[in-house]
Amino acid sequence: MENMEKTVSDKIAASEILSRIVDFLFPRRCLLCGKVNPDGKYLHFCERCSPEADILRGARCLRCSEIVGTEGIPDTPTCARCRDDPPWFNKSLVVGSFTNAVRQMSIELKYRNGTYILADMSRLLAEVRPARAFFDKAVLVPVPLHYSRKLKRGYNQSELICRMIAKTFPDANLRIAKILKRIRRTPTQTTLDREHRAGNVRNAFALSNEKAAKAAFDKATRFVVVDDVMTSSATLSECAKTLKRAGFKNVDAFAFARRL
Ligand SMILES: [Zn+2]
Ligand SMILES: [Zn+2]
């Protein structure tokens, strides 16, 4: 017994030494202030630039995740905008606003091939209190990229986020189903205003194989469409619409960051 404990503590000590050597040879830096090898909870953010500061706080609209009041006020099922023009998904969750560390994580993942950032994203997601219950037994559906864009980038960041979510909550019985495809190439949403965004992605998605999806899932299946950044919610809403028009009623949305 004593020997076994010794072996375990030896192993921990060895991995600690190894990670120090790696840090020495390939220093990590805080992505916001440049501090070398931050030793807090996050690998790529120092204590001072801690991503937890960027978690969305305050009362939010449960439908679109817009902040509607300060912390302590209860959440609301719909905000004024959702009453006027409701998105197709029933409810949503986001980790944080598109600022500071949350913004940097989204950029690293999407544009810099930054899969190393997924570990920090997972640590941050685990801090979001409603997340575990939100994802319980869900089928995660990544927002698809058009094949030409995926070819260029080499990966779909929404798929990577789906895998990150499943790893963060191993006991939530999550499944990932790549059942949507993008049927037309759309210009990037980032340069368009709200009205044009909705038009830009309208009818841009379809089920890759409707028959197979209907055989695999039923009306009660709870889907969560997953994207990296939600801006006007037009993309997530169009994906939810595609699922709902196929007869699936239980469709929610998740984005890592929300541009407010
Ligand atoms: Zn820093
Ligand atoms: Zn709302």
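Values in this document were obtained by computation on a predicted structure and should not be read as measured data.

**Here we look at the packing of aromatic side chains**
Argument step 1. Using the criterion set out here, one finds five aromatic pairs in the structure.
Argument step 2. Geometrically, the ring pair formed by F223 and F248 is edge-to-face, given 5.0 Å between the ring centres and 70 degrees between the ring planes. With F223 in strand β8 (residues 223–230) and F248 in the loop between α10 (234–245) and β9 (251–258), this residue pair connects regions lying 25 residues apart in the sequence.
Argument step 3. What makes F248 buried here is its relative accessible area of 3%.
Argument step 4. The rings of F134, F135, F169 and F254 are connected pair by pair, giving a single aromatic cluster.
Argument step 5. The positively charged end of R222 is found above the aromatic ring belonging to F134, 5.0 Å away from the centroid.
Argument step 6. Against the face of F98 rests R259, its NZ or CZ located 4.2 Å from the ring centre.

**Some details on the domain arrangement of the chain**
Argument step 1. Entries for the chain in the domain assignment read domain 1 (1–30) and domain 2 (43–258).
Argument step 2. Using C-alpha coordinates to define each centre, domain 1 is positioned 36 Å away from domain 2.

**Description of the coordination of the zinc ion (ligand 2)**
Argument step 1. Bound to the zinc ion (ligand 2) are the protein donor atoms C61 (SG), C64 (SG), C79 (SG) and C82 (SG), situated 2.2 to 2.3 Å from the metal.
Argument step 2. One can describe the donor arrangement at the zinc ion (ligand 2) as tetrahedral, given that its four donor atoms subtend angles of 104 to 113 degrees at the metal.
Argument step 3. Mapped onto the polypeptide sequence, the residues donating to the zinc ion (ligand 2) form the spacing pattern C-x2-C-x14-C-x2-C. Residue C61 is found in the loop between β1 (59–60) and β2 (67–69), and its partner C82 is found in helix α2 (residues 80–84); the two are separated by 21 residues along the sequence. Like C82, C61 is buried.

**Brief notes about the packing of helix α4 (residues 118–125) against helix α7 (residues 157–168)**
Argument step 1. Between α4 and α7, the shortest axis-to-axis distance is 9 Å and the interhelical angle comes to 55 degrees. Taken together, α4 and α7 sit at an angle that is classed as oblique. α4 and α7 meet at a crossing whose hand is right-handed. Taking contact as the criterion, the partners of L118, M121, S122 and L125 in α4 are, on α7, L160, I161, M164, I165 and T168.
Argument step 2. Looking at the contact of α4 with α7, its residues break down into seven nonpolar, two polar and no charged.

**Description of the packing of helix α3 (residues 100–111) against α4**
Argument step 1. With their axes 10 Å apart at the nearest point, α3 and α4 run at an angle of 140 degrees to one another. The hand of the α3/α4 crossing is left-handed. Counted together, V102, M105, S106 and L109 of α3 and L118, D120, M121 and L124 of α4 form the full contact between these two elements.

**Some points on the pairing of strand β4 (residues 139–142)**
Argument step 1. Residues of β4 alternate between two faces, with V139 and V141 on one and L140 and P142 on the opposite face, all of them buried.
Argument step 2. Bridge analysis of β4 against strand β5 (residues 175–176) gives two bridges, and the strand direction is parallel. Residue pairing for β5: L140 is matched across the bridge by I176.
Argument step 3. Sheet analysis places β4 next to β8, joined by four bridges and oriented parallel. Each bridged residue has a counterpart across the sheet, and for V139 the counterpart in β8 is F223.

Definitions and cut-offs
Residues numbered from 1 in each chain as written. Chains lettered and ligands numbered in written order. Predicted model: local features only at pLDDT ≥ 70, side-chain atom pairs only at ≥ 80, totals over all residues. Heavy atoms only, no water. Phe/Tyr/Trp six-rings, centres within 6.5 Å; stacked < 30°, edge-to-face > 60°. Helix = DSSP H or I, 4+ residues; strand = E, 2+ residues; numbered from the N terminus. Buried < 20%, exposed > 50% of the residue type's maximum accessible area, 1.4 Å probe, protein only. Lys NZ or Arg CZ within 6 Å of the ring centre and 35° of its normal. Domains from an automatic or database assignment. Donors = N, O, S within 2.8 Å, 3.2 Å for Na, K, Ca; no water. Tetrahedral: all angles 85-135°; square planar, octahedral: opposite > 155°, others 65-115°. Axes fitted to C-alpha atoms, helices over the stretch in contact; angles between N-to-C directions. Parallel < 35°, antiparallel > 145°, perpendicular 65-115°, else oblique. Left-handed = near helix turned anticlockwise from the far one by under 90°. Contact = heavy atoms within 4.5 Å. Nonpolar A, V, L, I, M, F, W, Y, C, P; charged D, E, K, R; others polar. Pairing = 2+ DSSP bridges.

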